[in-house]
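Structure at a glance
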Amino acid sequence: MKLGLQLGYWGAQPPQGVGELVAAAEEAGFDAVFTAEAWGSDAFTPLAWWGRETSRLRLGTSIVQMSGRTPTSIAMHVMTLDHLSGGRVVLGMGVSGPQVVEGWYGQPFGRPLARTREVVDIIRKVLAREAPVTNDGPHYPLPYHGEGSVGLGKPLKPIVHPLRADVPIWLGAEGPKNVAQTAEIADGWIPIFYTPRSAGMYQPWLDEGFARPGARRTRADFEIAATCHLQVVSGPEEKAAVLDAMRPFVSLYMGGMGAKEANFHNQVFVRMGYEDLAAEVQKLYLGGEKDRATALIPDELVDDMHIIGTAGEVKERVAQWEETGVTTLLLSCRSAGEVRAVAELLA
């Protein structure tokens, strides 16, 4: 199992010390560095900026929000960065949610599965550069002949010859249909809240996708990149403090990331067996009682979602994650020293 450094997306200001983190990851033998985006910083620019000082690390996005750019625009970003990095890009994408897609990007959220399939297909056509790119689908028609068209659009091939005709595409997916489609059309999967305890829930969904005609991958060469917080602690007292510090993040995703009518993260917790808890946490969180919502999150759930323990316990837990099929652990480290310590522990 490989290690990836998860830089995430920015808060109110750009984070400090990221260059040192990335340099430590390169030196310590991490496989990749990943960036993210929400509705502030974008994923591609920090990846290019900090990735320019690397020569070995794969450069990945987890995740690019599909509605923020047209498929051909995403392909242009990937093609450009893949050349500049010498063929090290991993394109991680996802549909996001209706609050962001319709509220921030001003795009319709409907039919996310069909949209995903179209986006992936168009990007692959651009990178293959076998013919001018066309698409007959309803979401991203190329050329465009709809309302407002002047009728002069023509199919085009990219001016730049892609360095690689088949850049790895990993998809963020949560529900059964989305996970199955990911196993069918993608090279890898970026799950959210994947844990050893919940891993069995996903296996039939993945198997359904692998079994479909024309599936690109099998379980043997499909990548699963799971994000978690990993921290070595001295004992139970320090572990309890770390679990308490991680609790607000769990309650945020369970209760506050999305509308009551459509919170896909909340539904993941429901499928994990926390239906009553998820409903109560969401009710409190959306009602402005964030502290009460956070207090309801049990230690066992936080512990299951992350890898926190003594050095020996961490090694055992990492082995458990690997046994479930995880090929890359995406870790958010706070210092260069922590990057080096994790790499040494898990070497």
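As a starting point, this report considers the structure included with it. (Residues numbered from 1 in each chain as written. Predicted model: local features only at pLDDT ≥ 70, side-chain atom pairs only at ≥ 80, totals over all residues. Heavy atoms only, no water.)

1. Description of the packing of helix 6 (residues 176-185) against helix 7 (residues 199-210)
Axis separation between helix 6 and helix 7 bottoms out at 7 Å; the angle between their running directions is 45 degrees. Relative to helix 7, helix 6 is oriented oblique. Crossing hand, helix 6 versus helix 7: right-handed. Residues Pro176, Val179, Ala180, Ala183 and Glu184 of helix 6 touch helix 7, and the partners they reach there are Tyr202, Trp205, Leu206, Glu208, Gly209 and Phe210. Broken down by class, the residue content of the contact of helix 6 with helix 7 amounts to eight nonpolar, one polar and two charged. (Axes fitted to C-alpha atoms, helices over the stretch in contact; angles between N-to-C directions. Helix = DSSP H or I, 4+ residues; strand = E, 2+ residues; numbered from the N terminus. Parallel < 35°, antiparallel > 145°, perpendicular 65-115°, else oblique. Left-handed = near helix turned anticlockwise from the far one by under 90°. Contact = heavy atoms within 4.5 Å. Nonpolar A, V, L, I, M, F, W, Y, C, P; charged D, E, K, R; others polar.)

2. Considerations on the packing of aromatic side chains
Under the defined criterion, the tally for this structure stands at nine aromatic pairs. Pairing Tyr202 with Trp205 gives two aromatic rings, centres 5.3 Å apart and planes at 90 degrees, and the pair type is edge-to-face. Placement of both Tyr202 and Trp205 in helix 7 is noted, with a separation of three residues, approximately one turn of the helix. When the ring of Phe210 is compared with that of Phe222, the centres are 5.1 Å apart and the planes differ by 80 degrees; the resulting orientation is edge-to-face. On the criterion of sequence distance, the pair formed by Phe210 in helix 7 and Phe222 in the loop between helix 7 and strand 8 (223-228) is long-range, its members being twelve residues apart. (Phe/Tyr/Trp six-rings, centres within 6.5 Å; stacked < 30°, edge-to-face > 60°.)

3. Looking at the packing of helix 5 (residues 112-128) against helix 6
Two elements in contact, helix 5 and helix 6, have axes whose closest approach is 11 Å; the angle formed by their N-to-C orientations is 15 degrees. As judged from the angle between their axes, helix 5 and helix 6 are roughly parallel. Regarding helix 5 and helix 6, the two cross each other, and that crossing is right-handed. Contacts from Leu113, Thr116, Arg117, Val120 and Arg124 of helix 5 reach helix 6 at Lys177, Asn178, Gln181, Glu184 and Ile185. For the contact of helix 5 with helix 6, the residue count by class is three nonpolar, three polar and four charged.

4. What about unusual backbone geometry?
Put simply, Ser62 and Ile63 share a cis peptide bond, and its omega is 10 degrees. Among the structural elements, Ile63 can be located in the loop between strand 3 (58-61) and strand 4 (64-65). Here Leu142 and Pro143 are connected by a cis peptide whose omega angle stands at -10 degrees. Take Pro143: it is sitting in the loop between helix 5 and strand 6 (169-172). Of note in the backbone geometry, Arg111 takes a positive phi value of approximately 55 degrees without being a glycine. In this structure, Phe193 is a non-glycine residue whose phi angle is positive, near 65 degrees. Locating Phe193 in the fold gives a position in the loop between strand 7 (188-190) and helix 7.

5. Brief notes about the pairing of strand 5 (residues 89-94)
Of all the six residues making up strand 5, six are buried; the element is thus mostly covered by neighbouring parts of the structure. Here strand 5 shows no split at all, with Val89, Leu91 and Met93 on one side and Val90, Gly92 and Gly94 on the other all buried. Note: strand 3 against strand 5, two bridges, orientation parallel. Opposite Gly60, over in strand 5, you have Val90 as the bridge partner. As paired strands, strand 4 and strand 5 are joined by two bridges and run parallel to one another. What sits directly across from Gln65, in strand 5, is Gly94. As paired elements, strand 5 and strand 6 share three bridges and run parallel to each other. Within strand 6, the position partnered with Gly92 by the bridge is Trp170. (Buried < 20%, exposed > 50% of the residue type's maximum accessible area, 1.4 Å probe, protein only. Pairing = 2+ DSSP bridges.)

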